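Observations on chain architecture
What follows is the residue order along each chain.
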Amino acid sequence: MPISLEEVQHVAKLARMQLDEQELREFQAELNALLGHFEDIQSAQIGAVEMASHILSLQSVWEEDGVEPGLMREEATRSAAVARAGLFVVPTIIEE
């Protein structure tokens, strides 16, 4: 069902668009072309297409949790600016 020029004028008025005659005809042609594409989509035969919840067939995107060895205390404090007794020493920020 093609869109008439009057319908385009009405939509332009609702959108508060001030269009001249040439612009109205261009919009009419573009809208009719768009409606033609929608008709093509509606006529597509999709009865045999299986529904999918995702475009890719992913099983699980999460890696299994597992326990892995961490850093030893000496390795962790080796690059610290100041370390004492195996602990990081930082400046005091709260005073009593």
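Note: the structure precedes this text.
The model shown is predicted, which means the values in this text are computed figures rather than measured ones. Each residue is numbered by its place in its chain's sequence as written, counting from 1. The predicted origin of the model limits local features to residues at a pLDDT of at least 70 and limits the giving and counting of side-chain atom pairs to 80 or more, whereas totals for whole chains, interfaces and linings rest on all residues. To obtain the side-chain values, all non-hydrogen atoms of the structure were used and water was disregarded.

1. With respect to the overall build of the chain
Here is the rule we go by: Where helices and strands are cited, they refer to DSSP runs of H or I of at least four residues and of E of at least two residues respectively, numbered from the N terminus. Radius of gyration: C-alpha atoms only; globule rule: 2.2 Å multiplied by the number of residues to the exponent 0.38. Each residue is assigned to one of three classes by its accessible area relative to the maximum for its type, calculated with a 1.4 Å probe on protein chains only: buried under 20%, partly exposed between the two thresholds, exposed over 50%. In what follows, a contact means two residues having at least one pair of non-hydrogen atoms within 4.5 Å. Accessible surface area values rest on a Shrake-Rupley calculation with a 1.4 Å probe, where residue burial reflects the displayed protein chains alone. For this count, His and the chain ends are skipped, Lys and Arg are scored as positive, and Asp and Glu as negative. For the purpose of locating charges, the reference atoms are NZ of Lys, CZ of Arg, CG of Asp and CD of Glu.
Assigned secondary structure in the chain consists of three helices and two strands. What you see in the chain, going N to C, is helices and strands ordered as α-α-α-β-β. Taking 96 residues into account, the globule formula puts the C-alpha radius of gyration at 12 Å, and the chain, at 33 Å, lies well above it. Counting the 96 residues in the chain, one finds 7% classified as buried. For the chain, restricting intrachain contacts to residue pairs at least 6 apart in sequence, the fraction spanning at least 24 positions comes to 24%. Taken as a whole, the chain presents about 9,700 Å² of accessible surface, with 57% of it coming from carbon and sulfur. Within the chain, one finds 6 positive and 18 negative side-chain charges whose respective centroids are separated by 12 Å.

2. Things to note about the packing of helix α1 (residues 5-14) against helix α2 (residues 21-42)
Threshold: What counts as an axis is a line fitted to C-alpha atoms, over the stretch in contact for a helix, and the angles between N-to-C directions run from 0 to 180 degrees. In these notes the angle categories are as follows: under 35 degrees is roughly parallel, over 145 is roughly antiparallel, 65 to 115 is roughly perpendicular, and the rest is oblique. Put simply, Ala, Val, Leu, Ile, Met, Phe, Trp, Tyr, Cys and Pro go in the nonpolar bin, Asp, Glu, Lys and Arg in the charged bin, and everything else, Gly too, in the polar bin.
α2 packs onto α1 with a crossing angle of 105° between their chain directions and a minimal axis gap of 9 Å. With respect to α2, the axis of α1 lies roughly perpendicular. Here Leu5, Val8, Gln9 and Ala12 of α1 come into contact with α2, specifically with Glu21, Leu24, Arg25, Phe27, Gln28 and Leu31. Residues that form the contact of α1 with α2 fall into these classes: six nonpolar, two polar and two charged.

3. Details of unusual backbone geometry
With phi around 55°, Arg16 is a residue other than glycine that occupies positive phi space. Within the secondary structure, Arg16 sits in the loop between α1 and α2. Residue Arg16 is classed as exposed on the basis of its relative accessible area, which comes to 76%. The residue Ala85 is not glycine, and still its phi comes out positive at about 55°. Note that Ala85 resides in the loop between β1 (83-84) and β2 (87-88).

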